[in-house]
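Chain residues, written in single-letter form:
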Amino acid sequence: MFIVERPHSASKRLLIAASGTGGHVFPALATAECLSDVEIEWLGVPDRLERQLLGDRYPLHFVQVEGFQSRPGLSTLRVLYRLLRATLTCRRLLQRGQFDGVLTTGGYIAAPAILAARSLDLPVILHESNAIPGKVSKWFARWCDLIAVGFPEAGRRLTQYPTLHLGTPVRASFLEPPPLDLDIPEGVPLIVVMGGSQGAVAVNQRVRQAAPAWFDLGAWVVHLTGENDPDADSLQHPQYRSMPFYHNVAALLQRADLAISRAGSGSLTELAITQTPAILIPFPYAAEDHQFHNAIGFMEAGAARLFRQEHLSPQQLETEVTTLLKDSTQLQQMTTAMAQLAIPDSAKRLAEAVRQHLDARNKS
Ligand SMILES: CC(=O)N[C@H]1[C@@H](OP(=O)(O)OP(=O)(O)OC[C@H]2O[C@@H](n3ccc(=O)[nH]c3=O)[C@H](O)[C@@H]2O)O[C@H](CO)[C@@H](O)[C@@H]1O
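A UniProt comment under Pathway (unreviewed entry) is attached to the protein, and it reads "Cell wall biogenesis; peptidoglycan biosynthesis." We quote the UniProt Function (unreviewed entry) comment for the protein here in full: "Cell wall formation. Catalyzes the transfer of a GlcNAc subunit on undecaprenyl-pyrophosphoryl-MurNAc-pentapeptide (lipid intermediate I) to form undecaprenyl-pyrophosphoryl-MurNAc-(pentapeptide)GlcNAc (lipid intermediate II)."

Engineer: Help me out: how do you make sense of the sheet that holds strand β1 (residues 13-17) in this one?
Structural biologist: Note: strands within a sheet are paired through backbone hydrogen bonds, in either parallel or antiparallel orientation. Across the sheet, 7 strands lie side by side as β3-β2-β1-β4-β5-β6-β7; this open sheet has parallel pairing. The sheet is open, and its two borders are formed by β3 (60-62) and β7 (163-165), each paired with just one other strand. For this sheet the average axis-to-axis angle between neighbouring strands, irrespective of direction, equals 25°. Bridge count between strand β6 (residues 146-149) and β7: 3 bridges; the pairing is parallel. Bridge assignment links alanine 148 to a residue of β7, and that residue is leucine 164. Its contacts with the sheet put helix α1 (residues 22-33) on β1, β2 (39-44) and β4 (101-104), and the angle it makes with β2 is roughly 170°. Across the face of the sheet, helix α4 (residues 110-119) comes into contact with β1, β2, β4 and β5 (124-128) while running at roughly 160° to β4.

Engineer: Is there a simple way to explain the packing of aromatic side chains in this structure?
Structural biologist: A ring pair, where both rings are aromatic, is described by two values, the distance of the centres and the angle of the planes. In the structure shown here, the tally under the stated rule is 5 aromatic pairs. Between phenylalanine 140 and tryptophan 143, the ring centres sit 5.8 Å apart and the planes meet at 50°, which makes this aromatic pair tilted. Sitting above the plane of the phenylalanine 99 ring, arginine 13 keeps its charged end 4.5 Å from the centroid. Over the ring of phenylalanine 26 we find arginine 171; its NZ or CZ atom is 3.4 Å from the centre of that ring.

Engineer: Please clarify how helix α9 (residues 265-273) should be interpreted in this entry.
Structural biologist: An α-helix turns once per 3.6 residues; consequently, residues spaced three or four apart project the same way. Taking burial as the measure, the 9 residues of α9 include 9 buried ones, the bulk of the element. Residues of α9 that are buried include every one of Ser265, Gly266, Ser267, Leu268, Thr269, Glu270, Leu271, Ala272 and Ile273, and no others. On its buried face, α9 is in contact with β8 (190-194), α8 (249-255), β11 (258-261), β12 (278-280), α10 (290-300) and α12 (328-340). Residue glutamine 275 follows α9 closely and has a positive phi angle near 55°.

Engineer: I keep staring at the pairing of β11 and nothing clicks. Help me out?
Structural biologist: When a strand is regular, its side chains alternate between the sheet's two faces. The alternating pattern of β11 places Leu258 and Ile260 on one face and Ala259 and Ser261 on the opposite face, and all of these are buried. Pairing of β8 with β11, which is carried by 4 bridges, proceeds in the parallel orientation. Counterpart to methionine 194 in the pairing with β11 is serine 261. Between the parallel pair β11 and β12, the chain is carried across by α9, and the sense of this crossover is right-handed.

Parameters and conventions
Residues numbered from 1 in each chain as written. Predicted model: local features only at pLDDT ≥ 70, side-chain atom pairs only at ≥ 80, totals over all residues. Heavy atoms only, no water. UniProt positions renumbered as here; feature names shortened; annotations may be inferred. Pairing = 2+ DSSP bridges. Helix = DSSP H or I, 4+ residues; strand = E, 2+ residues; numbered from the N terminus. Axes fitted to C-alpha atoms, helices over the stretch in contact; angles between N-to-C directions. Contact = heavy atoms within 4.5 Å. Phe/Tyr/Trp six-rings, centres within 6.5 Å; stacked < 30°, edge-to-face > 60°. Lys NZ or Arg CZ within 6 Å of the ring centre and 35° of its normal. Buried < 20%, exposed > 50% of the residue type's maximum accessible area, 1.4 Å probe, protein only. Right-handed = clockwise from strand over helix to strand, strands pointing away.

What follows is the structure, given as structure tokens:
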């Protein structure tokens, strides 16, 4: 077998397995940004978001994996077969590339990466960003050297494993946001609508119905609609900007007075870092209702209002936002509460933990 020749003093090599959504890829990317002394390559799944989000920053390898359906059947056999094949591919990749360890942010891609690394006795660090750990995290945690958790609740659900509450890494731009390249006048109240990395059609519909009342109060709305909303262009107003995806969310949230958002772990973490009060509408079909559980801590801290999508009419959303826009004391209290939930150096801390495990391997 061909193996990369490597001088003894060369830098460490890390394989990052992170795929599928912004919520999985961005924290890994943020951690990678803090590991400039480590050679990084990426493991993903064909046709998922990582191709677009990574650009050509890291060599990207692919394996075919998919999730288990809740009912066992023929598809379970196919999933197991693909998992086995992906594990073997990943094992070969780790061996040929002489990697020193693996970092994964969970999801389907984590399974072959963890199994392959374990079979070669390489250290594996898993980052679990949700309050309720995903299936793969729960099943494969036993083979990880460290499980870094974004929310303390996840740590309480994985007590039998070595967990560390480090928060969820955010991209460096969130710590020093670049200027906002959108024509929003200074001083006007700004509402940002964000449905996770893929948008949220049900939230979009409610927002479009409710927004005219907010415009009447002088507010502007920036609406990140996602790619899948057929009516994304149906609302036109001088105080309204909509786009499927925006790369400078850091500057946008920094400028926003209020966000209306799903409750993915990435968005919540960024709302805390940018101290943006929020109305949270968790994705109702998230596995084990994890978005609702992610959001509970934010509601209890007084940083956000939390609504079940099925109980939130456009009229109610309109009233909630209008009331908040008129109550600057309340918004200020929510801003302060958001700030207290932030862990701004999470990426650095996770990078340091990764580095320690890579170093420990070479010493042992
Ligand atoms: C629908 C679903 O199951 N989503 C899950 C998915 O995250 P999903 O990607 O849906 O949502 P997250 O809130 O975790 O992350 C969204 C990320 O996309 C970025 N963004 C969004 C819109 C945009 O225009 N530009 C942009 O950069 C946000 O800044 C954020 O960094 O994985 C997360 C981590 O396991 C989970 O918590 C979410 O529940």
